[in-house]
Amino acid sequence: MRSKNKQIGKNQPTPSRGSTVPQSHKLIATASQIQPVLQAHIPGEMSPQWNEQQFTELSAAISEDKRPLLGGLIEQMAAFGKALREISDSLERQRSEVTSRDEKLSEDEEALTDRNEAIKKGAEELLMRQDGILKKESQFADKERELEKRELDARTGFAVQNVAALGELKKEIAELESRRITVQMGIHQADQKARDEEAERSAKLMEQEAEVAIKERALLQAQRRLDTEWKDLERERTQIKEDSQRDSAQEIARLTDARQRAEARLEKVYRDWTLTEQKMEQYREFSDALAGRPARELIDELASHRRQIALFENQIVTSQDDHLKSENESLRKIRDEQRTQLDEVHTGWSNDKAQLHRLRLGVSDKESLEREKRALEKNNQILAARLNDLGKTVDDLTQSQQSDKPFPQMGWMDTASNADWIKERKAKELSLPEQDVPDLKKFSLELQHRIAQAEDGTPLYFSLEDIQLLIGGLAMSQLHIFQGISGTGKTSLAKAFAKAVGGHCTDIAVQAGWRDRDDLLGHYNAFEKRFYERDCLQGLYRAQTSAYKDRCNIILLDEMNLSRPEQYFAEFLSALEKNDPRERLISLSESQLPNAPTLLVEGRRIKVPHNVWFVGTANHDETTNEFADKTYDRAHVMTLPRHEAGFKIEPKPKASYSYTALIERFDVAVTQNADEVEELLTEMTTGPLTKVLQDQFDLGWGNRFERQAKRFVPVFMAAGGRKEDALDHLLASRVFRRGKVTGRYDATIENLAAIEQALTTVWKGWKSSPHRSLGLLAEDRRRKERGA
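The residue numbers shown here count from 1 along each chain, following its written sequence. The model is predicted, so local features are restricted to residues of pLDDT at least 70 and side-chain atom pairs to those at 80 or more, both for listing and for counting; the totals for chains, interfaces and linings are taken over all residues. Excluding hydrogens and water, the side-chain figures rest on all heavy atoms present in the structure.

Draft legend 1. Expanded view of the overall build of the protein chain. The numbering of helices and of strands both runs from the N terminus, where a helix is a DSSP run of H or I of at least 4 residues and a strand a run of E of at least 2. Counting secondary structure elements, the protein chain contains 25 helices and eleven strands. Out of the 788 residues in the protein chain, the part that is buried amounts to 39%. Note on contacts: a residue pair qualifies if any of its non-hydrogen atoms lie within 4.5 Å across the two residues. Long-range contacts, defined as pairs at least 24 residues apart, comprise 78% of the intrachain contacts of the protein chain with a sequence gap of at least 6. With the model as given, the accessible surface of the protein chain reaches about 45500 Å², and the carbon-plus-sulfur share is 50%. Each residue is placed in one exposure class: buried if its accessible area under a 1.4 Å probe, protein chains only, is under 20% of its type's maximum, exposed if it is over 50%, and partly exposed if it falls in between. Per-residue and other accessible areas follow the Shrake-Rupley method at a 1.4 Å probe size, with only the shown protein chains counted as cover for residues.

Written out as structure tokens, the structure is:
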């Protein structure tokens, strides 16, 4: 711009003494030529409207030596207006380019990388143009200073109209400066907006790329898992097919052998039957020869002949007549012939009778073989049908193993919405309005009345102190043991608390034969490719779903000590002791299970979520087992008394409380009362009680006891209780319980008296007495005094 101004200055007309044309006419002609240029490049409201008269008056008022200066000034004004118009057009083009670029970015997301490069190039162009604008701004400032200098130089000689024109020119310059600043701010804002949008799009792109990478890894893992499962299924299918073919071949071979044996026997029977028919034909011929005479008649006739022969022989003996001898001889010959014939007939009759018996047996055997043959053919058909059914069953099992989910209930939870829970599982708690957790003192009073009316038609009266102990225990541990005589409401308290806070209670009846985690969680059937999910496993998984992850969940182990918790609950005891909640995992299988639910870790381990409390009820009689020390030390133990007195229940509308809000209340209480609790524990551990426990009972304060006390005592205080009562509860349930200090065979009455004295000394100056601990010590001392 400065070089252009210099060029314009060189082209300015200079006064000439020898010129015949008056300078005023030249000025008017120059002004008339410049006027359209000013109107073309300067907005109408800013462009001065001068006629020839005004230019004539102005030229008359201006001295000869100043007129060239005025002409040059007018030409500079025209050039200045043209430059402003160019800047305005350039800004408009830039604004349209930015707008079109934004529209193009929003429409073409697939070419995001290319558009980002275009945006960068556009930003560089904007920066370059901004630098150009800054340079032009500097040029405008120089020109303004030059105009002011010229104004000072020409002030004395210019007319009033020139002064007004210069004033108007200043206003125009000020307005142009204001517009320039506005345009510059707009450019800066557009540039900043474009950068913000670019950064936002880049962040979204990075997030999308991360999600795509995660999904790709998940899909790759799923593909690998499916490939492994497919190979296993192919091997199993091949094995099943081979076994079926082998069994079928063996069965077919056996049936073929049976059929061959039956055919051989049938052939033999046929041959015997043919021989029998031949003999029967001979027998019929013999019967025809007898002319229908029965064999008995022949035998009788033979006997009569024999008698006649005997008579004739007697006659021959008595008579010596030759005629008789000859006749007797002829009769003997006839007798011998008849005897021979009779023997032959008797022999043939015996043979025929035996043959007839054999034929009857052959016919019976043939009928039996026919029946056996028909039975074998029918069995063969049945076996063929069963073989086809077996093949279909194997195919169905193979398909079901490929398609069905091994965790049907947990798989349903992965996809279930709140509406599904309410409709299919009757989860009414999900429809309750959420309510903020008030301060713990007010919350304990409200919880007492909510628990009292939790069961429809059956009011539950628990004292305020029991509710305060429950709240403190919730902050201290995830494992609770409710003990006491039957009918004190141990089970009811756990269920009523879940209902009162809008949570869920999973009720599990412990069986006497439980030995390991499978009895509590379920087991995996490798043949059916299915995990039999027990209620405890479903409760753990439910607590991690989106519908219940911010709700209080209770897993109630009713009659927990019917079996030994140290066996079936051992992995949970170990998991709950870990400081990092992410490491609280229970293994369901030694290897990754196919089609495992999404919330399982590594496809085989279930997390023990932080929003689950295990509550075990316990009766102490001959049918139950005593808890081990490691179970008692990890748990919050409450001995519930029988509640005879009631109170007026204040009706409360059903509502739900956030687990997160409840834990925040616990943390606030711990922080607020930390110093007071620390002082309380210091007084107890540095007093005489520590020495007596160490010297006479070989007991000390462990880190776990101190850690639990720093959670339990401040929350109990915030709920409206006294710190001394909270400490007394911990000592009675953790230190002075049966098996530690009381109930020991090696503890004497003197040892118990020393404990009572040390406990009383520690409690001096405090507001209450350790009535729970002193009661346990006094009861054990009386037992020893009775000699029990």
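Next comes the rest of the description.
Draft legend 2. Structural detail: the packing of helix H20 (residues 674-685) against helix H23 (residues 723-735). H23 packs onto H20 with a crossing angle of 50° between their chain directions and a minimal axis gap of 11 Å. With respect to their mutual orientation, H20 and H23 come out oblique. Both H20 and H23 take part in a crossing whose hand is right-handed. In contact with Glu676, Leu680, Leu681 and Met684 of H20, H23 contributes Lys723, Leu727 and Leu731. In this count, Pro and Cys sit with the nonpolar residues alongside Ala, Val, Leu, Ile, Met, Phe, Trp and Tyr, while Asp, Glu, Lys and Arg are called charged and the others, Gly among them, polar. Considering only residue class, the contact of H20 with H23 consists of five nonpolar, no polar and two charged. Each axis is a line fitted through C-alpha atoms, taken for helices only over the stretch in contact, and angles between the N-to-C directions span 0 to 180 degrees. Here the word oblique covers every angle except those under 35 degrees (roughly parallel), over 145 (roughly antiparallel) and from 65 to 115 (roughly perpendicular). Left-handed describes a crossing in which the near helix is turned anticlockwise from the far one by less than a right angle; the clockwise case is right-handed.

Draft legend 3. Summary view of the packing of H20 against helix H22 (residues 703-718). Two elements in contact, H20 and H22, have axes whose closest approach is 10 Å; the angle formed by their N-to-C orientations is 130°. In terms of orientation, H20 and H22 fall into the oblique class. For H20 against H22, the interelement crossing comes out right-handed. Contacts between H20 and H22 pair Glu676, Val677, Glu678, Leu680, Leu681 and Met684 from the former with Phe705, Glu706, Ala709, Lys710, Val713, Pro714 and Met717 from the latter. Of the residues in the contact of H20 with H22, the class split is nine nonpolar, no polar and four charged.

Draft legend 4. Geometry of a nonpolar patch on the surface. A contiguous nonpolar surface patch, about 280 Å² in accessible area, is contributed by Tyr270, Trp273 and Val363. Along the chain, the position of Tyr270 falls in helix H6 (residues 160-289). When its relative accessible area of 46% is taken as the criterion, Tyr270 is described as partly exposed. Patches were defined on residues exceeding 30% relative accessible area and lacking a salt bridge, with like-charge contacts within 9 Å and nonpolar side-chain contacts (Val, Leu, Ile, Met, Phe, Trp, Tyr) within 5 Å. The term salt bridge refers to a side-chain nitrogen of Lys or Arg lying within 4 Å of a carboxyl oxygen of Asp or Glu.

Draft legend 5. Seen up close, the side chain of Ser563. Following the sequence through the fold, Ser563 ends up in the loop between strand S6 (553-558) and helix H16 (565-568). Side-chain atoms alone can form a polar contact between residues adjacent in sequence; in general such a contact is a pair of N or O atoms within 3.5 Å, and within protein one must be able to donate a hydrogen while the other accepts it. Of the polar contacts made by the side chain of Ser563, one reaches the backbone oxygen of Gln511; its length is 2.6 Å. Dropping the residues within four chain positions of it, Ser563 is found in contact with Val510, Gln511, Ala512, Gly513, Trp514, Arg515, Tyr568 and Asn625.

Draft legend 6. Region of interest: the nonpolar core. Within this scheme, the nonpolar core is defined by two criteria: the residues are buried Ala, Val, Leu, Ile, Met, Phe, Trp, Tyr or Cys, and they are joined through side-chain atoms within 4.5 Å. Of all hydrophobic cores here, the largest spans 71 residues; its most connected members are Phe443, Leu447, Ile451, Val713, Leu731, Phe736 and Val741. If we skip the residues at most four places from it in the chain, Val741 touches Leu693, Phe697, Leu699, Val735, Phe736, Ala747, Leu752, Leu777 and Asp780.

Draft legend 7. How the structure looks around the pattern of salt bridges. In this structure the tally under the stated criterion is 27 salt bridges. The salt bridge involving Asp695 is made with Lys691; its shortest N-O contact spans 3.1 Å. Of this pair, Asp695 and Lys691 both sit in helix H21 (residues 688-697), separated by four residues, roughly a single helical turn. We note that Asp695, like Lys691, is exposed. Between Glu756 and Arg781 there is a salt bridge, with its nearest N and O atoms 2.2 Å apart. Of the two residues, Glu756 is situated in helix H24 (residues 749-763) and Arg781 in helix H25 (residues 771-785); the sequence distance between them amounts to 25 residues. One salt-bridge network, in which partners are shared between bridges, spans Asp629, Asp633, Arg734, Arg737 and Lys740.

Draft legend 8. Representation of the layout of surface pockets. Here a cavity is any set of points on a 1 Å grid over the protein atoms alone where a 1.4 Å probe fits but cannot get out, and a pocket is any open set with protein on both sides within 12 Å along at least 5 of 7 lines; a residue lines the site when it has an atom within 4 Å of a point. Grid points are joined across faces, edges and corners, and a volume is the space filled by probe spheres set on the points. What the largest pocket holds in volume is close to 910 Å³. As for the largest pocket, its lining consists of 32 residues, of which Gln483, Thr639, Arg737, Arg738 and Leu776 are closest to the centre. Listed by contribution, the elements that provide at least two residues to the lining of the largest pocket are helix H12 (464-476), helix H18 (629-634), strand S10 (636-639), H23 and H25. When residues in the lining of the largest pocket are grouped by element, the largest group, five residues, is from H25. When its residues are assigned to classes, the lining of the largest pocket shows eleven nonpolar, ten polar and eleven charged.

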